[in-house]
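Residue-level listing of the chains:
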Amino acid sequence: MAKQTAISNKRKGSSSIISFLYKRKVQVALLLAFTGICYFNILFNEFSLDDEFITENVFVQKGFSGIKDIWTHPYWQIKNDNIDYRPLTLSLLAIEYSFFGHNAFVDHLMSLISYLLCVWLLYLVCIYVFEINKGHPLSAFFIVLLYAVHPSHTEVVASFKNIDEILSFIWVLLAVLCLDKSFKSRDKIRTGIFIIMTVLLFYFSMLTKLVSVPFMACIFLWLLYKKYYLKKIRFIVLLVTVIAVICLHLYVFKTFLLQRATYFYENPIVGLKDIAMKLGVVFNTILFYLRFMIVPYPFRFYYGYNTIALESISNPLPLLSMMISLALVALLIYSIIKRASYSYFLFSFLFFLLFYCNLFKLYTGIVSERAMFQFSFFFIAFIILAIRNVIQRAPGNNFFQKISLSVYVLFICAFTLLTINRNRNWKNTETLILHDIKSLDNSTGGVLLAANFFYFNAIKLQTSDTEKSRQWIDLAIHYYNRALQLSPEYVITNYRLGMAYRYGKLDFNNAAINYMIAKEQSPMIEGLAKEIASLFFLQKKFQEAIPYYEKAVKEEPGNSELLFYRALNRFNAKDIPGFLELNKVLLQNFPETQYPYLNYGTYYFNQNNEAKVVENFATAVKYGCSSRQVLDYLAKYYLKNNDPAKEKYYEDLQQRR
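Residues numbered from 1 in each chain as written. Predicted model: local features only at pLDDT ≥ 70, side-chain atom pairs only at ≥ 80, totals over all residues. Heavy atoms only, no water.

Draft legend 1. Seen up close, the confidence of the model for the protein chain. Looking at the protein chain, pLDDT values average 91 and 96% of them are 70 or higher. Below pLDDT 50 for its whole length, residues 1-14 participates in 0 contacts with residues either more than four positions away or in separate chains. (pLDDT = per-residue confidence, 0-100. Contact = heavy atoms within 4.5 Å.)

Draft legend 2. Here's a closer look at helix H24 (residues 542-555). The end-to-end C-alpha separation of H24 is 20 Å, in line with the 20 Å expected for 14 residues at 1.5 Å each. When we look at burial in H24, the residues that qualify are Phe-542, Ala-545, Ile-546, Tyr-548, Tyr-549, Ala-552 and Val-553. In this fold, the buried residues of H24 make contact with helix H22 (508-521), helix H23 (528-538) and helix H25 (560-572). (Helix = DSSP H or I, 4+ residues; strand = E, 2+ residues; numbered from the N terminus. Expected span 1.5 Å × (residues − 1). Buried < 20%, exposed > 50% of the residue type's maximum accessible area, 1.4 Å probe, protein only.)

Draft legend 3. Molecular detail of the nonpolar core. Counting 205 residues, the largest nonpolar core has Phe-130, Phe-215, Phe-345 and Phe-377 as its most contacted members. Here this core gets 13 residues from one element, more than from any other, and that element is helix H9 (residues 163-184). Other than its neighbours up to four places away in sequence, Phe-377 contacts Leu-122, Cys-126, Phe-130, Ile-143, Tyr-147, Phe-215 and Phe-345. (Core = buried A, V, L, I, M, F, W, Y, C linked by side-chain atoms within 4.5 Å.)

Draft legend 4. Summary view of the side chain of Asn-452. Along the chain, Asn-452 falls in helix H19 (residues 444-460). A distance of 2.5 Å separates polar atoms of two side chains, one belonging to Asn-452 and the other to Tyr-480. (Polar contact = N/O pair within 3.5 Å; in protein donor to acceptor, adjacent residues only side chain to side chain.)

Draft legend 5. Quick look at the packing of H25 against helix H26 (residues 576-589). Look at H25 against H26: their axes get within 7 Å of each other, and the N-to-C directions meet at 165°. Comparing their axes, H26 and H25 come out roughly antiparallel. The handedness of the crossing between H25 and H26 is left-handed. Side by side, H25 and H26 meet where Ser-560, Leu-563, Phe-564, Arg-566, Ala-567, Leu-568, Arg-570 and Phe-571 of the first sit next to Ile-576, Gly-578, Phe-579, Leu-582, Asn-583 and Leu-586 of the second. Each residue belonging to the contact of H25 with H26 can be placed in one class, and the counts come to 9 nonpolar, 3 polar and 2 charged. (Axes fitted to C-alpha atoms, helices over the stretch in contact; angles between N-to-C directions. Parallel < 35°, antiparallel > 145°, perpendicular 65-115°, else oblique. Left-handed = near helix turned anticlockwise from the far one by under 90°. Nonpolar A, V, L, I, M, F, W, Y, C, P; charged D, E, K, R; others polar.)

Draft legend 6. Up close: H26. Here H26 contains 14 residues, and its C-alpha end-to-end distance of 20 Å stays within 8% of the 20 Å for a straight helix at 1.5 Å per residue. Among all positions of H26, only Gly-578, Phe-579, Leu-582, Asn-583 and Leu-586 are buried. Looking straight down H26, one finds its buried side chains confined to an arc of 120°; they lie on one side. Exposed side of H26, more than 90 degrees from the buried face: Pro-577 and Gln-588 are the residues found there. At its buried positions, H26 is contacted by H25 and helix H27 (595-606). The N-cap residue of H26 is Asp-575: its side-chain oxygen and the backbone nitrogen of Gly-578 are 3.0 Å apart. (Arc of directions from axis to C-beta.)

Written out as structure tokens, the structure reads:
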């Protein structure tokens, strides 16, 4: 009897726990708590890779006064390449900058709060729009919890630059909630208001980042799935208006949207004409996303060439991926016929893959973790609902239910630990690159990014930490060489390797070798002519430097320092008439710079015309020259000529400069 009472009490206790979990407020609290636990440690991170898109944006740094410029310029511009149009994102960040400046803690807090809001809204969409809980009161909770802790989202949440992904998703989720209200409302005025809000919020999403169009397309598929199209006027008005907004936006801002070349090292499909090879890459891309949804490891800050194998469709992995894809399509057809609850989510997941599998449009970097931020929801919902469907139909479903719950808990624990640990890697650019480079040895783009990071940091540390600077430059040279092994045709790497040898190791011979390789294969590399001219100047190969200085000046006609060295090189090459003519042009174009006067001072020094030397060197100092040799010459001159005031003036300048 006592034993039966104990069992009964145990069941009652278990039942009370389950009924407690059924409360939506409890579910929301648990979702936000788990999400906070997973991402709390990002608050102690610094700025990291690509955050300079925000921290170095000149319009964001103007705060409120920069908002006008934000709306009339692309998101980022590199030379002639425009990188998207995200004015709402930058406007919000400009407002934040006005209050807090660039504060890593505040910025990461903003990312965390935005992600928490995103998780909450996604839960509401699952409850009120997709009505997932009708099958089981914990279904929406299980789906959104797995979404919230999934490690594929760490790049979006831990990298402040990617806050635009979160904000765009927030806007579109709000739009979906309003869209649902517009169909469920019986009041015409309220319906009209909700339709306007739907379109407006969706457009906010587009202005934040143009990634939510596939999600909105999936929502219109949901309207068809739920037969909302029977409310013809509402359906047509919404559909036509949303399509019009998309088309108008793409047309009006087409010059601001992504306009840059995609290179082979970013996506190996570039230039491929072999259909079998292209399809091989497409199906390997699909296989990557399917695997990463289940086994999110290893993480990489960049993918690109060689991360996804470049192989024919007839190879084992692409064939396996094609078989899995066909199986999913077959399952989709079966689920539609059987009206299974997961059919819509499976279709939406497969639909999303079309945008990211490189079939119709090349994806820069071939794949990315942030690409999964929205479509991972549909995959997770499909898996959870499919398992729920099996449990409900299988005999002895208590056993399957316990097994499924155990596996689910295991995934939640594993994903939580992976997410927390991955956030540590994002502490700053150094920790991220040093961690991920071990998994990027075959990625030309990843290796180049790492090499550039090591090079620029080595140069920064040359005066403050010579030991670390030497370590960084050795790593830079190692990874530049690795990039050349992977993609020898990408000769700009030779140019950068030459710079590493020249400025990092002061190895002029190896620098010259790599510069000349780059010149022979790609003479139009910007800045290469100036580097070769400068290197020949230092090696005292003045005649050889002349044609490179001429070419460099054509590229940068407004560079006064370059014009100075071009003229000085002619002087050292014993072409005095040429020197005088070039310096005359320099003086005419840049009369208020130090450079023409330094050249004239050098010329008159060789003419033993001391008065002219002093006159020109003094003018050079007036316009900012801080050369110790020039200041020392002037101080000694006035010492010799008994002018203690001017002698002291130039000595003091030496001390200050």
